[in-house]
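Listed below are the residues making up each chain.
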Amino acid sequence: MKTTGILRVAYRAIVRCHPADFRERFGEEMVWIFDEESGRGRAGRALADGVVSLVRQRTRGEEDFVAVAAGFGLLPAGLRTGPRRMVQGGFTVAILFAAALVLMGPRGGWWFNCQPAVPERPKPALYAPTRIEPLGGTLEARAGVQPVRHPTLYYRGMERVGWPCYQAAATRVR
Amino acid sequence: MKTPTDRTSPLSPATLHILLALAGGDLHGYGIIQEVARYSEGRYKLGPGTLYDNLKKMMDGGLVVDAPPSAEAGEERRFYRLTADGGSALAEEVDRLERVVEEARLRLQARRPEGV
């Protein structure tokens, strides 16, 4: 998935975290404008703006927030401003953490600018060896830059081993 | 009963810019963003979150309402329209800003060294 697609998914997640009445009223328009801004290379800025909007919407109406939280037994009744602010701050941090998780994606790549542990390559076309003969021994497969010693059976005639997401060059080790 | 000024003055920069943009006519959300960017020459940029966060407050306060859909353009987007209260709030904010500017000019003139 391209970076823009990941940002769009993240932005939709942020919009979904807005209060229901706000989301139903403006959610689709926000995503529409986000798409327009993305086309002009301003997706990151729009995303940050969405997070700020989310925090504003979720921390507005302190009385309502405390009433709901107290209703679920999360807060004792009669709390004063200090604890309320603490709870609101914790709630905000939780939202930002959830947004960060979304941004990290399934492989934790975009947010921390990490490369996948194993370079993604096209799936190998597995072929049937002409002759299969279990030999025993150790298979050394090179996955990326990290050599992996793989104690498994090695079949004569197979020069390549197919893995779920990459194809490792394999050499037999006596 | 609150007056528009009681509810809104002094206006936040985003609110002021949205009211200014809508003072020229009905606009949809992205139209507001573009109009603000146009007349501020790109110096003030509204994001979608900030826009709708402020629009909601303004609609709740009666400064802005939904405009009837534009038939000629066949637009499905919602358009927003300045109300009379919104116009009053904008006019009062402009008056307030004028007084601030006037006061600032007087003070700056008083600070200016003679002969400059």
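This text follows the structure it describes.
Residues numbered from 1 in each chain as written. Chains lettered and ligands numbered in written order. Predicted model: local features only at pLDDT ≥ 70, side-chain atom pairs only at ≥ 80, totals over all residues.

Draft legend 1. Layout of the overall build of chain A. Broken down by element type, chain A carries five helices and four strands. For chain A, the α and β elements follow one another from N to C terminus as α-α-α-α-α-β-β-β-β. (Helix = DSSP H or I, 4+ residues; strand = E, 2+ residues; numbered from the N terminus.)

Draft legend 2. Broad picture of the overall build of chain B. Across its full length, chain B carries five helices and three strands. Secondary structure elements of chain B, listed N to C terminal, follow the sequence α-α-β-α-α-β-β-α.

Draft legend 3. Representation of the interface of chain A and chain B in the model. The partner chain B presents eleven residues to the 15 residues of chain A that form the contact. Elements that contribute at least two residues to the side of chain A that touches chain B include exactly helix 2 (20-39) and helix 3 (43-59) of chain A. Residue contributions to the side of chain A that touches chain B peak at eight residues, all from helix 3 of chain A. Here the residues of the side of chain A that touches chain B are counted per class, giving seven nonpolar, three polar and five charged. (Contact = placed C-beta atoms within 7 Å. Nonpolar A, V, L, I, M, F, W, Y, C, P; charged D, E, K, R; others polar.)

Draft legend 4. Spotlight on the packing of helix 2 of chain A against helix 4 (residues 48-60) of chain B. Running from N to C, helix 2 of chain A and helix 4 of chain B point in directions that differ by 150°, and their axes come no closer than 9 Å. Classified by the angle their axes make, helix 2 of chain A and helix 4 of chain B are roughly antiparallel. At the point where helix 2 of chain A passes helix 4 of chain B, the crossing takes the right-handed sense. Residues A:Phe22, A:Phe26, A:Glu29, A:Met30, A:Ile33 and A:Phe34 of helix 2 of chain A lie in contact with helix 4 of chain B, whose contacting residues are B:Pro48, B:Gly49, B:Tyr52 and B:Lys56. Among the residues forming the contact of helix 2 of chain A with helix 4 of chain B, the class breakdown is seven nonpolar, one polar and two charged. (Axes fitted to C-alpha atoms, helices over the stretch in contact; angles between N-to-C directions. Parallel < 35°, antiparallel > 145°, perpendicular 65-115°, else oblique. Left-handed = near helix turned anticlockwise from the far one by under 90°.)

Draft legend 5. Molecular detail of the environment of B:Arg77. Residues and elements named next belong to chain B. Residue placement: arginine 77 occurs in the loop between strand 2 (64-67) and strand 3 (79-82). By the C-beta count within 10 Å, which is 16 here, arginine 77 ends up partly exposed. Separated by 47 residues in sequence, arginine 77 and tyrosine 30 place their C-alpha atoms 9.5 Å apart. (Buried ≥ 20, exposed ≤ 12 C-beta atoms within 10 Å, placed from the backbone.)

Draft legend 6. Main features of the sheet that holds strand 2 of chain B. Residue and element names in this part refer to chain B. The sheet built from three strands is open, its strands ordered 1-3-2 with antiparallel pairing. This sheet does not close on itself; its edge strands, each paired only once, are strand 1 (27-28) and strand 2. As paired strands, strand 2 and strand 3 are joined by four bridges and run antiparallel to one another. Across the sheet, residue valine 65 finds its bridge partner in strand 3, namely arginine 81. (Pairing = 2+ DSSP bridges.)

Draft legend 7. Looking closely at unusual backbone geometry. All names here are of chain B. Positive phi is not limited to glycine here, since glutamate 41 has a value of about 55°. Inspection of the secondary structure assignment puts glutamate 41 in the loop between helix 3 (29-39) and helix 4. For glutamate 41, a count of 7 C-beta atoms within 10 Å translates into the label exposed.

Draft legend 8. Fine view of helix 3 of chain B. Taken together, the buried positions of helix 3 of chain B are occupied by B:Gly29, B:Ile32, B:Ile33, B:Glu35 and B:Val36. Each buried residue of helix 3 of chain B sits inside an arc of 165° when the element is viewed along its axis, so together they form one side. Buried residues in helix 3 of chain B make contact with helix 2 of chain A together with helix 2 (13-23), strand 1 and helix 4 of chain B. Looking one or two residues past helix 3 of chain B, B:Glu41 carries a phi angle of roughly 55°, positive in sign. (Arc of directions from axis to C-beta.)

Draft legend 9. A look at the pairing of strand 3 of chain B. Where strand 1 of chain B and strand 3 of chain B come together, two bridges link them in antiparallel fashion. Pairing of B:Leu27 across the sheet is with B:Tyr80, part of strand 3 of chain B.

Draft legend 10. Main features of the nonpolar core. Counting residues in each nonpolar core, the largest one holds 35 residues, and the members touching the most others are A:Tyr11, B:Ile18, B:Leu19, B:Leu22 and B:Ile32. Of all the secondary structure elements, the ones that give two or more residues to this core are helix 1 (3-16), helix 2 and helix 3 of chain A together with helix 2, helix 3, helix 4, strand 3 and helix 5 (84-111) of chain B. Non-local contacts of B:Leu19, meaning those with residues more than four positions away in its chain, are made with B:Leu63, B:Leu82, B:Gly86, B:Ala89 and B:Leu90. (Core = buried A, V, L, I, M, F, W, Y, C linked by C-beta atoms within 7 Å.)

Draft legend 11. Structural context of the packing of helix 1 of chain A against helix 2 of chain A. All names here are of chain A. Between helix 1 and helix 2, the least distance of the axes is 10 Å, while the angle of their chain directions is 160°. Overall, the two elements helix 1 and helix 2 adopt an arrangement that is roughly antiparallel. Judged by the sense of rotation from one axis to the other, the crossing of helix 1 with helix 2 is right-handed. Mapping the contact onto sequence places Thr4, Leu7, Arg8, Tyr11, Arg12, Val15 and Arg16 in helix 1 and Arg23, Gly27, Met30, Val31, Phe34 and Ser38 in helix 2. Its residues placed into classes, the contact of helix 1 with helix 2 shows six nonpolar, three polar and four charged.

Scope: geometric values only; no functional claims are made or implied.
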